[in-house]
Amino acid sequence: SSSSGDEALRDKRARILSRGLPKQKPIEGVKQVVVVASGKGGVGKSTTAVNIALALAANDSTKEVGLLDADIYGPSIPKMMNLKGNPELTPKNLMRPLKNYGIACMSMGFLIEETAPVVWRGLMVMSAVEKLLRQVDWGQLDYLVIDMPPGTGDVQLSVSQNIPIAGAVIVSTPQDVALLDAHKGAEMFRKVHVPVLGLVQNMSVFQCPKCKHETHIFGADGVRDLAKTLGLDILGDVPLHVNIRETCDSGQPVVISQPQSDAAKAYLKIAMEILKRLPVPPA
Amino acid sequence: IAERSNLAGVQHILLVLSGKGGVGKSTLSTELALALRSAGKRVGILDVDLCGPSIPRMLRVQDSAVHQCDSGWVPVLLGQDKAIALMSIGFLLERPDDAVVWRGPKKNALIKQFVSDVAWGDLDFLIVDTPPGTSDEHISTVEALRPHQLLGAILVTTPQ
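Residues numbered from 1 in each chain as written. Chains lettered and ligands numbered in written order. Predicted model: local features only at pLDDT ≥ 70, side-chain atom pairs only at ≥ 80, totals over all residues. Heavy atoms only, no water.

Participant: I'd like to hear about the pattern of salt bridges, residue by residue, with values.
Facilitator: All names here are of chain A. Counted by the stated rule, this structure contains 18 salt bridges over all chains. Among the salt bridges present, the one from R96 reaches E88, with a minimum N-O distance of 3.0 Å. By relative accessible area, which is 36% here, R96 ends up partly exposed. Taking the shortest distance from any N to any O, the salt bridge between D221 and R224 comes out at 3.4 Å. R224 sits in the partly exposed class, given a relative accessible area of 36%. Here the salt bridges do not stand alone but share partners, grouping D233, E273, K276 and R277 into one network. (Salt bridge = Lys/Arg side-chain N within 4 Å of Asp/Glu carboxyl O. Buried < 20%, exposed > 50% of the residue type's maximum accessible area, 1.4 Å probe, protein only.)

The following block contains the structure:
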């Protein structure tokens with residue numbers, strides 16, 4: 001019949017088109033990968049990724065957590081995790097991740113001078129991402145949190161095509177232009193078949209330290225509306241608080257340095273919501 | 001017969017860069033363009049942030065369409081006096097929410113077209129808004145603009 005002929009043609013087309021694509025292969029030793037992305041720059045991906053990684057570890061001390069900074073152009077993780085230096089090489093020529101607060105970290109920032117720009121075209125970036133994924137001695141990890149760069153381009157495609165991803169967390173502020181990009185980010189993950197676990201509404205509200213008056217600097221509830229439109233859950237709400245920025249700038253993220261604070265509790269809640277939504281990990 | 005380049009009528013080209021995302025490049029580009037227009041200048045804005053084009057929305061023209069003319073694309077003209085010309089990938093998408101998930105070579109091709117195939121006309125300033133990072137978009141934009149009068153770049157950052 002013609003419909004089975006159509007289906008056969010579609011299958012054949014899909015097979016031919018996928019021939020050029022890299023094969024998805026899990027990273028050795030890593031059970032589940034969670035990516036933190038946004039589409040928009042400057043909404044708090046790195047801050048969120050760092051605090052989520054620490055929260056996952058704080059939640060269950062038997063779990064091993066790793067943190068990969070895939071932002072080749074603007075790696076923030078070294079500063080936020082108070083790590084510096086070139087990674088050692090193992091006898092098998094793999095890079096040993098740098099560890100702090102119990103989290104194994106790898107970043108482009110460990111491979112170049114702090115102020116050196118990385119002015120690379122997509123092709124070189126792909127190869128760098130490949131190295132950061134596969135040529136690192138991650139050991140046995142329960143979770144690998146990947147901090148993505150802004151945009152919907154080479155890095156995002158390379159990561160999603162190369163490794164299976166258990167889920168993506170999309171971070172956005174309530175600002176309209178940020179939401180536009182977050183929507184594109186969610187759309188991108190749909191295109192590459194990565195499940196989106198939910199949205200994080202970041203910098204939701206600012207409370208004046210003097211008079212306690214609350215201002216929604218980036219707008220109110222924009223992320224909730226977007227979540228509704230996309231049929232996604234809100235994993236958590238993080239206010240715009242000087243502490244969060246200060247602690248990251250000084251390399252002592254709030255989950256570690258002020259675990260009783262509202263901010264830390266917000267991140268712990270987000271980690272719990274992520275765990276609720278992840279599929280059962282492989283044995 | 002030498003064709004008159006589409007950028008021949010542009011007096012000064014300004015790049016707005018940052019490295020870091022979310023520091024206000026698009027906001028600054030837009031406000032700067034408006035400020036220059038208030039000072040009586042003819043201004044164009046080229047939005048080469050292909051993944052996250054914000055400028056159409058900031059100027060409330062996200063529903064506009066671009067048309068072709070003999071010399072190429074006609075930029076969207078803003079205001080009563082039509083004194084601001086804008087080109088962005090946002091105008092080429094079927095829906096504003098469509099994601100542009102492209103690798104470098106495809107982005108490079110479009111940026112080259114944006115630089116050479118948009119009929120800018122006579123402008124005092126062309127402001128080029130870039131995405132975060134130091135990647136394909138930036139390399140391609142600077143390469144494509146090299147034969148022209150690149151005035152310089154403005155770096156935007158927050159104190160963080």
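Participant: I'd like to hear about unusual backbone geometry, residue by residue, with values.
Facilitator: All names here are of chain A. Phi angles above zero are rare outside glycine, and K212 is one such case at about 65 degrees. Looking at the element boundaries, K212 is found in the loop between β7 (196-207) and β8 (214-215). The class of K212 is exposed, set by a relative accessible area of 51%. A positive phi angle is found at D221, which is not glycine, with a value near 60 degrees. As for its placement among the helices and strands, D221 is situated in the loop between β8 and α7 (222-230). (Helix = DSSP H or I, 4+ residues; strand = E, 2+ residues; numbered from the N terminus.)

Participant: If you had to explain the nonpolar core to someone new, which residues and values would you point to?
Facilitator: Within the largest apolar cluster, 90 residues are counted, with the highest numbers of intra-cluster contacts made by L67(A), W138(A), I146(A) and F189(A). By residue number, the principal contributor to this core is helix α2 (residues 45-59) of chain A, which donates 8 residues. If we skip the residues at most four places from it in the chain, I146(A) touches V33(A), V34(A), V35(A), V36(A), L68(A), A70(A), L133(A), V159(A) and I163(A). One finds I45(B), L50(B), I55(B) and I127(B) within the second-largest nonpolar core, a separate group that totals 43 residues. (Core = buried A, V, L, I, M, F, W, Y, C linked by side-chain atoms within 4.5 Å. Contact = heavy atoms within 4.5 Å.)

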